[in-house]
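Next come the chains, spelled out residue by residue.
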Amino acid sequence: MEEGARCLVKIEDLGHAGEGVGRIDGLVVFVPGVLPGEEVEVEITQVSRKHARGIPVSILTRSPQRVEPECELHGLCGGCQLQHLNYPSQLAYKEKLVANALKRIGGLDVPVLPIVPAPSPWNYRTKIQSPVGVKGKEIVTGFFARGTHDIVPMESCLIQHPLNNLVLRTIRGLVIKYGITAYDESSGQGDLRHVIVRVGESQALVTLVTRQEQVPHLRELAQELTETLPSVVGVVQNINPARTNVILGPKTIPLAGQDYLIVSLDGIEFKVSPMAFLQVNWEQTKNLYRIVREFAQLSGHERLVDAYCGIGTIALYLAPWAGEVYGIEEVPEAVEDAIFNSTLNNLPATFICGLVEEELARLAKEGPIDVLVMDPPRKGCHPRVIETIRSASINRIVYVSCNPGTLARDLGMLKEYEILAVQPVDMFPQTHHVECVTLMSRVEK
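Just so it is clear, the structure is predicted and the values come from calculations on it, not from any experiment.

A look at the pattern of salt bridges
Point 1. In the structure shown here, the tally under the stated rule is 20 salt bridges.
Point 2. In this structure, Glu 41 engages Arg 6 in a salt bridge whose closest nitrogen and oxygen atoms are separated by 3.9 Å. One end of the pair, Glu 41, is in strand E4 (residues 39-47); the other, Arg 6, is in strand E1 (residues 6-14), with 35 residues separating them in the sequence.
Point 3. Linking Glu 366 and Arg 303 is a salt bridge whose minimum nitrogen-to-oxygen distance equals 4.0 Å. Placement of Glu 366 in helix H7 (residues 356-366) and of Arg 303 in strand E15 (residues 303-307) is noted, with a sequence separation of 63 residues between them.
Point 4. Shared partners join several salt bridges into a network, and the residues in it are Arg 303, Glu 324, Glu 359, Arg 362 and Glu 366.

A short note on the sheet that holds strand E17 (residues 350-353)
Point 1. Sheet architecture is open: 7 strands sit in the order E17-E16-E15-E18-E19-E21-E20, paired in mixed fashion. Single-partner strands in this sheet number two, and they are E17 and strand E20 (417-425). Across this sheet, the average inter-strand angle for adjacent strands is 15 degrees, counted without regard to direction.
Point 2. Note that E15 and strand E18 (residues 371-374) share 4 bridges and pair parallel. By the bridge assignment for E18, Val 305 is matched with Leu 372.

Here's the deal with the packing of aromatic side chains
Point 1. Summed over all chains, the structure comprises 1 aromatic pair.
Point 2. Sitting over the ring of Trp 321, Arg 293 keeps its end group 4.4 Å from the ring centre.

Points about the sheet that holds E1
Point 1. On the basis of which strands lie adjacent, the closed barrel formed by 5 strands has the order E1-E2-E3-E5-E4 and mixed pairing. Averaged over all pairs of adjacent strands, the angle between strand axes in this sheet comes to 50 degrees, irrespective of strand direction.
Point 2. Relative to strand E2 (residues 20-24), E1 runs antiparallel, the two sharing 3 bridges. Each bridged residue has a counterpart across the sheet, and for Leu 14 the counterpart in E2 is Gly 20.

Some words on unusual backbone geometry
Backbone geometry follows two general trends: most residues other than glycine have a negative phi, and most peptide bonds adopt the trans configuration.
Point 1. You will see that Asp 266, though not glycine, has its phi angle at about 50 degrees, which is positive.
Point 2. Even without glycine at this site, Gln 297 takes up a positive phi of about 50 degrees.
Point 3. Mapped onto the fold, Gln 297 is located in the loop between helix H4 (282-296) and E15.
Point 4. Residue classification places Gln 297 among the partly exposed residues on the basis of a relative accessible area of 44%.

Description of the pairing of E4
Point 1. Both E1 and E4 contribute to a ladder of 5 bridges, which runs antiparallel. Bridge assignment links Leu 8 to a residue of E4, and that residue is Glu 41.
Point 2. In this structure, E4 lies alongside strand E5 (residues 51-61), joined through 8 bridges in antiparallel fashion. By the bridge assignment for E5, Gln 46 is matched with Arg 53.
Point 3. As consecutive antiparallel partners, E4 and E5 are separated by 3 residues.

Scoring rules and cut-offs
Residues numbered from 1 in each chain as written. Predicted model: local features only at pLDDT ≥ 70, side-chain atom pairs only at ≥ 80, totals over all residues. Heavy atoms only, no water. Salt bridge = Lys/Arg side-chain N within 4 Å of Asp/Glu carboxyl O. Helix = DSSP H or I, 4+ residues; strand = E, 2+ residues; numbered from the N terminus. Pairing = 2+ DSSP bridges. Axes fitted to C-alpha atoms, helices over the stretch in contact; angles between N-to-C directions. Phe/Tyr/Trp six-rings, centres within 6.5 Å; stacked < 30°, edge-to-face > 60°. Lys NZ or Arg CZ within 6 Å of the ring centre and 35° of its normal. Buried < 20%, exposed > 50% of the residue type's maximum accessible area, 1.4 Å probe, protein only.

That's the geometry; what it means functionally is another story.
Spelled out as structure tokens, the structure:
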């Protein structure tokens, strides 16, 4: 088999990134945009010793699960991988994805509960991160094409909150009006790198990521944006001079309005700063946190630790049902927000700025931890966190994860715990991503 060759492939399954999986002469072939049961003509784009990759040229046999994608950019933009799969089948795929990861990576044969579907599979994302670039001579915003840094220009994304789309379109027009230059990755020149918009119920906070601090007319742009769209309550500038794929730099300064957003969850208000992490599907987050509270089984007396706590959303959500609550987070701005949110809602909790692998061990030495809730980044838990959990005799763990692979790896190392429930939650419809909440109980010896 050679690159450029065309082959007929019968698609057998979907891979962990939503791509179709088939075989040619025993070699695994990954093909995006196709479904199990389909016979596809594929053009081979990459061949290695272990697998090949290809793109579909034509679909000879169509799956009954296939639907026409709603977005005209589907297949070009790298944002949605599953728009061509009907929503019930997306849910079934994600349940299977979680079960397979637990078994294959963690060596765990545990039942997976039926996935919690999203209230709406469209217009759910409350945060947009759009690169800024030039196509021809035109300033463009949009998303990167799959596996590249080529920007696919986009006027309206169907999984984004409508206010995100409106704000991004308006900013693009103002960038052109004020003659602000787009950053060019190849030369390292130009000013505006990314536009980030986060929305609450009806308000938006904008972050303009620039290469350098002094950008002509940036403040005028910010002021006109807040005047044109009163729903934009603030605009900040983040400076990232490094030639890197990391979006945000270390310094953020206000340009217009306020430098934070207030969002509400089941009657609790949260201040969100530009650098802070917050779930992007706010409606489904309510379901997620209710599951966390149910799994935590709190009686009002427990010593509870929320590891990787961010701005304190889970810690404060659980605070009325626990006895003593601690949150650990390494991002200083997020910890500041968490402390502010504790006071704002009159919910007592102690928030600690530091590494989870260090602070969790310290808290465990100070006294028994009854319940540990943790929501780590995609890379999962640091090995020292796993070591601390194994030695600390924590009674109950509620593990929130956005990556079935690292979840399975971590669970597989926690041999002292019995897995009582694995609950997938569809936080990200139209994509291959899936959130999970896992309840674990320490096995009595």
